[in-house]
Structures are given as C-alpha cells and as structure tokens.
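Notes for the structure review
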Amino acid sequence: MNLVSNRGLGIILRSIKIDYKFPMQYPDKVTVYHKLAHDPESSQSSQFAFHLQVMIVSEARQRPAARVHEDLVTYDYKIGKKAALPPFLMEQFKDTWKLQEEAKKHWRQRILDIEARVRKLEVDSWDRADAVEDTGSAKQ
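Quick look at the structure, then. (Residues numbered from 1 in each chain as written. Predicted model: local features only at pLDDT ≥ 70, side-chain atom pairs only at ≥ 80, totals over all residues. Heavy atoms only, no water.)

This paragraph deals with the side chain of D76. With respect to the helices, strands and loops of the structure, D76 is situated in strand β5 (residues 63–76). Only 3.4 Å separates the side chain of D76 from the backbone nitrogen of I79, close enough to count as a polar contact. (Helix = DSSP H or I, 4+ residues; strand = E, 2+ residues; numbered from the N terminus. Polar contact = N/O pair within 3.5 Å; in protein donor to acceptor, adjacent residues only side chain to side chain.)

Looking now at the packing of aromatic side chains. For any pair of aromatic rings, geometry is given as the distance between the ring centres together with the angle between the planes. Per the stated rule, a full pass over the model turns up two aromatic pairs. Here F50 and F93 contribute two aromatic rings whose centre-to-centre distance is 4.8 Å and whose plane-to-plane angle is 55 degrees, an arrangement assigned as tilted. Here F50, found in strand β4 (residues 49–58), pairs with F93, found in helix α1 (residues 87–124); they are 43 residues apart in sequence, far enough to count as distant. Here F50 and F93 have matching classes, each one buried. For the ring pair Y75 and Y77, a centre distance of 5.0 Å and an interplane angle of 70 degrees mean the geometry is edge-to-face. Classification of Y75 as partly exposed rests on a relative accessible area of 22%. Overall, Y77 belongs to the partly exposed group, its relative accessible area being 47%. (Phe/Tyr/Trp six-rings, centres within 6.5 Å; stacked < 30°, edge-to-face > 60°. Buried < 20%, exposed > 50% of the residue type's maximum accessible area, 1.4 Å probe, protein only.)

Another point: the environment of R108. Here R108 lies in helix α1. The class for R108 is exposed, based on a relative accessible area of 54%.

Here it is in structure tokens:
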C-alpha cells in the first residue's frame with residue numbers, strides 16, 4: 001500500500017503478534033477493530049513507525065476471536081530505507097488518538113454510572129438492614 005505513490009512511500013509490517021482466543025469456522029464473519037497503541041507525540045512513538053492494537057471479533061460468537069499487535073514502518077522504496085511518517089499521516093494519527101482518548105473517557109464514565117446504579121439496586125433490595133434471604137422451602 002503506497003501512502004503517496006509519486007514519492008514511493010509505503011508501509012511494511014515489521015512484526016506481528018497474534019493471540020488467538022479460539023478457532024473460527026466458515027461461514028463465520030469477522031469485524032476488525034484497530035486502535036493506535038501510543039500517543040503519536042509521546043516518547044514511545046517513532047517518526048518512522050507506528051503500533052496498532054487490533055481486535056478480531058467473531059460475529060457468530062459475538063466475542064473476540066483474536067488480539068493482534070502490529071508494528072508498522074513507513075518505507076521509501078525509491079531510496080530503499082525507512083522514511084519519516086508524512087505530515088498528513090501524523091496529523092491523522094494525532095486526531096485519531098484524541099478521539100480514542102475522548103471515547104475512552106466517555107465509556108469509562110458510563111461504566112462507573114452503571115456500576116453505581118447496580119450498587120444502588122443492591123442496597124435498596126438485599127443490602128437493607130431489614131432484608132431477609134429467602135432460601136426457599138424443602139417442603140412441597
């Protein structure tokens with residue numbers, strides 16, 4: 001895949017690590033989710049490479065079939081070596097990282113809200129001081 005074909009830039013998969021959760025069988029379909037593993041402006045990031053975390057979800061089983069870690073490098077085929085990420089791609093990564101962080105914050109808050117509501121239901125029902133557990137009866 002060329003990023004900018006007239007410049008001869010492309011992406012090379014430097015390494016991949018796959019953690020299979022279970023084998024899938026035809027005719028299962030999959031959904032593949034990618035996310036940036038690092039903030040593009042952090043010290044963990046490189047001007048030549050980027051890391052993606054991937055989740056492959058089985059539609060038949062409605063759960064992850066595999067998790068993947070990809071290490072990708074931009075490569076200049078004209079000069080035969082690694083090349084810096086083009087500015088437009090770096091800007092997309094920055095925007096994507098910002099959106100990922102906003103979504104993470106939103107969904108963490110939603111989880112906390114749901115947990116608080118569940119806890120309130122527990123307290124209002126079986127965690128009351130006057131609550132008595134109904135263990136049923138052995139007689140019929």
